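Now for the letters of each chain:
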Amino acid sequence: MSMILTPDQQAILDGQKGETLAKVMKTLVMFGEAFGAEKMVAVTSQYNHLVTSFGLKALTPVYELMEKLIAEGVKSGQKFSADPRPIDPNVPSNILQNFIFKKFMYSKQDYYENQLEKLGLMDKDAFTCTCYMSEVGNKPKEGDILSWSESSAVVYANSVLGARCNRNSGIMDIMGSIVGYVPYFGLLTDEGRKATWIVRVNTSQKPEAQLLGSAIGMKVMEDVPYVFGLDQWLGDTLDEKACTYLKDFGAATASNGAVGLYHIANLTPEAKKHGEALIAEGAKEYIIDDAELERVKASYPVVWKDKNAKPKLCFMGCPHMSLEQLKSWTDRVEQALRESGAQRVSIPTVFTAAPGVLKEFEKTSYAKRLKDTGVITSYICPLMYMNNPLCAKMPVITSSNKLRTYTTAKYYTDDEILKEITKGGAK
Amino acid sequence: MKVFKGRTVTPGTITAKALVSHGGLNTLASFQKALQFGDKKATCGDQNNPDLYGKQMAGAALCLPQTIGSTTGGLVLYCACAMKRQPACMLFANHIDSLAASGAVLAEVWLDDITMPVVDCLGDEFLNYVKDGMTITIKDDGTVEVD
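On a predicted model such as this, the values are computed, not experimentally measured, just so you know.

Summing up its helical and strand segments, chain A has 19 helices and 13 strands in all. Taking 427 residues into account, the globule formula puts the C-alpha radius of gyration at 22 Å, and chain A, at 22 Å, falls close to it. For chain A, the spread of C-alpha atoms along the three principal axes comes to 70 × 50 × 40 Å. The burial tally for chain A puts 53% of its 427 residues in the buried class. A fraction of 81% describes how many contacts in chain A between residues 6 or more apart in sequence connect residues 24 or more apart.

Residue and element names in this part refer to chain A. Among the secondary structure elements, lysine 194 is positioned in the loop between β4 (181-183) and β5 (195-201). For lysine 194, a count of 20 C-beta atoms within 10 Å translates into the label buried. Ignoring sequence-local partners within four residues, the contact set of lysine 194 consists of Val224, Leu278, Ile279 and Ala280.

What follows is about the sheet that holds strand β7 (residues 263-264) of chain A. With respect to topology, 4 strands assemble into an open sheet ordered β7-β6-β5-β8 (chain A), the strand pairing being parallel. Of all the strands in the sheet, the pair left with one neighbour each is β7 and β8 (279-288) of chain A.

The next point concerns the sheet that holds strand β5 (residues 61-64) of chain B. Residue and element names in this part refer to chain B. Spatially, β1-β10-β9-β3-β5-β7-β8-β2 is the arrangement adopted by the 8 strands of the open sheet, whose pairing is mixed. In the strand order of this sheet, the two ends are held by β1 (2-5) and β2 (7-10), each with one partner. Ignoring strand direction, the axes of neighbouring strands in this sheet form an average angle of 30°. Pairing geometry for β5 and strand β7 (residues 89-92), over 4 bridges, is parallel. Its bridge partner lying in β7, leucine 64 is registered against phenylalanine 92. Strands β2, β7 and β8 (118-120) of the sheet are contacted by helix α3 (residues 98-110), whose axis makes an angle of about 60° with β2.

This next bit is on the domain arrangement of chain A. Residues and elements named next belong to chain A. Each domain of chain A was delimited in the assignment, giving domain 1 (7-188), domain 2 (192-298) and domain 3 (313-422). Taking only C-alpha atoms, the centre of domain 1 and the centre of domain 3 are 28 Å apart. With 24 residues of domain 1 at the contact, the number on the domain 3 side is 24 residues. Tallied by class, residues from the side of domain 1 that touches domain 3 come to 14 nonpolar, 5 polar and 5 charged.

Moving on, we come to the environment of tryptophan 304 of chain A. All names here are of chain A. Examined against the element boundaries, tryptophan 304 turns out to sit in the loop between α12 (290-298) and β9 (313-321). Sequence separation of tryptophan 304 and aspartate 331 is 27 residues, and the distance between their C-alpha atoms is 31 Å. Setting aside residues no more than four positions away along its own chain, tryptophan 304 makes contact with Ala309, Pro395, Thr408 and Lys410.

So, on to the interface of chain B and chain A. Opposite the 32 residues of chain B that make contact, chain A presents 32 residues. Mapped onto the side of chain B that touches chain A, the elements with two or more residues apiece are α1 (27-36), α2 (73-82) and α3 of chain B. With 10 residues, α3 of chain B is the largest single contributor of residues to the side of chain B that touches chain A. Broken down by class, the residue content of the side of chain B that touches chain A amounts to 17 nonpolar, 13 polar and 2 charged.

This part takes up the environment of threonine 352 of chain A. Among the secondary structure elements, threonine 352 of chain A is positioned in strand β10 (residues 349-353). When near neighbours in sequence (up to four residues on either side) are disregarded, threonine 352 of chain A contacts Phe315, Gly317, Cys318, His320, Met321, Ser378, Tyr379, Ile380 and Pro382 of chain A.

For the rest of this paragraph, the subject is α1 of chain B. Taken across its 10 residues, α1 of chain B has 8 buried, putting it largely inside the fold. Listed as buried for α1 of chain B are Thr27, Leu28, Ala29, Ser30, Phe31, Gln32, Ala34 and Leu35 of chain B. Buried residues belonging to α1 of chain B abut α18 (401-406) of chain A together with β4 (25-26), β6 (67-68), α2 and α3 of chain B. Downstream of α1 of chain B by a residue or two, glycine 38 of chain B has a phi angle that is positive, lying close to 70°.

Turning our eyes to something else, we now look at the pairing of β5 of chain A. Residues and elements named next belong to chain A. Judged from the 6 bridges that link them, β5 and β8 form a sheet pairing that is parallel. Bridging from a neighbouring strand, tryptophan 197 pairs with lysine 284 of β8. Relative to strand β6 (residues 225-228), β5 runs parallel, the two sharing 4 bridges. Bridge assignment links valine 199 to a residue of β6, and that residue is valine 227. Each parallel crossover has a hand, and the one from β5 via helix α8 (residues 209-220) to β6 is right-handed.

Counting residues in hydrophobic clusters, the biggest one holds 194 residues, and the most contacted among them are Leu28 and Ala157 of chain A together with Ala61, Cys79 and Leu91 of chain B. Sequence-distant contacts of cysteine 79 of chain B, defined by excluding residues within four places in its chain, comprise Ala58, Leu59, Pro61 and Val62 of chain A together with Leu35 of chain B.

Taken as a whole, chain B shows an average pLDDT of 95; of its residues, 100% reach a score of 70 or greater. This complex was scored by the predictor with a pTM of 0.95 and an ipTM of 0.94.

Cut-off values and rules
Residues numbered from 1 in each chain as written. Chains lettered and ligands numbered in written order. Predicted model: local features only at pLDDT ≥ 70, side-chain atom pairs only at ≥ 80, totals over all residues. Helix = DSSP H or I, 4+ residues; strand = E, 2+ residues; numbered from the N terminus. Rg over C-alpha atoms; globule rule 2.2 N^0.38 Å. Buried ≥ 20, exposed ≤ 12 C-beta atoms within 10 Å, placed from the backbone. Contact = placed C-beta atoms within 7 Å. Pairing = 2+ DSSP bridges. Axes fitted to C-alpha atoms, helices over the stretch in contact; angles between N-to-C directions. Domains from an automatic or database assignment. Nonpolar A, V, L, I, M, F, W, Y, C, P; charged D, E, K, R; others polar. Right-handed = clockwise from strand over helix to strand, strands pointing away. Core = buried A, V, L, I, M, F, W, Y, C linked by C-beta atoms within 7 Å. pLDDT = per-residue confidence, 0-100.

The structure is reproduced here in structure tokens:
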């Protein structure tokens, strides 16, 4: 192996701290060498975040590997949060769907959560894809080195918080925490954080976050874009509204492509600090106008059997909604219902958010108001719900381009969703 | 026969029939159904990938630009290997991405009786040339013969 290791790292690799830790280190070294990494660097964040939160029977080999780590007395050097739980009785599902969920799909949920607790789960409610929300408490500092996975969290941590993290896979994430080091390459380096795409947003109005993110993700794939023109709508301060927009925008860039970092001119920390010096020589250019967004939206395949079916379920919150979103959507749903002369939403509608965010929301007057509209709140991962083949057959709508990409859910813009769920509601 | 030279990520020598994806392979969407419901052929379940959807991935020489999508990608690939439903080899036109590399390395280090040779940096010409069903032989040094 050609990577230069410190004496401590070399000792781990040589097996002086046990055979299992040596294999963990070997995994990280081989992973780094595939990208030309010349060294390992210390993980500096307080907490880790893992993508694997679900006890999916199909992933039995993962749990066997975890068991091996636990049996050897290995622990994560950091506590960690994990992606959302897959099942919530609040979310509508029929007997057959529940049978598939419990007997075939997530039959190992309790077993796996027990493993997570042994390895270092932050707390029993630390299940969300938006671990960086203040209400959750896993928010890294600028410059922190992370060993996170979950593409939407990684792109947010890199872009909005200015932390440094590669797009790690599940399992690789916890291995970085176990030995305390990650290979130094890609988005950990100054060079790897330079933009190789210039994106100019020339739309006539503020673009839908998840549609814009989708367009950019599909164009630049895993490259780093530097986006001009968004600050005219988002301003130059990372306030709650801007952060919420960038959360959804980033999730779409990461899932419709493989973006791990973006810079927004005059807004995100590195763009503010370094400006256009972040743009690499020879960067390609992508101009986005109204017609381009329309073209991208029209390109999404509709995989429903009956393409004109009446939607049976609506999911909002992939990634999980912020407190600000829950409040603003309460206002929007109420107003739209008033305008349509209805009292409750006409389609079963689920808003998903982190358990910590939902707890805070419950303390506000908005919670009862939202409940009165018929909207259900949940901590679930909509993606894991839709992975049930019986759920996948249902006509489900969403404004999440991530959910659309991974499942049979059909994409609607926020305005279209609002219209669809409030028209002709229960009088 | 045409010969391409790439970079060996995980070594091995193997001959298999090509299965070609011109778009990025979404690992989770492609493998999940097969792993979930015991499909030993690992039939591709990604409806957004017209090149692969409905085709058998297990035992194929999977030719692709890169993988995309969820960061579960690496562990999904690792599970496919552990359950012996992996491609015979993976041949990347581009530099391998972090998720595919994770899957390949995890299988190499943690599974004793599994080989899935991986070669990357084969170039666009490779992906333009290779077609489904062609016979592919790869060697330890990253040489890929397409017949």
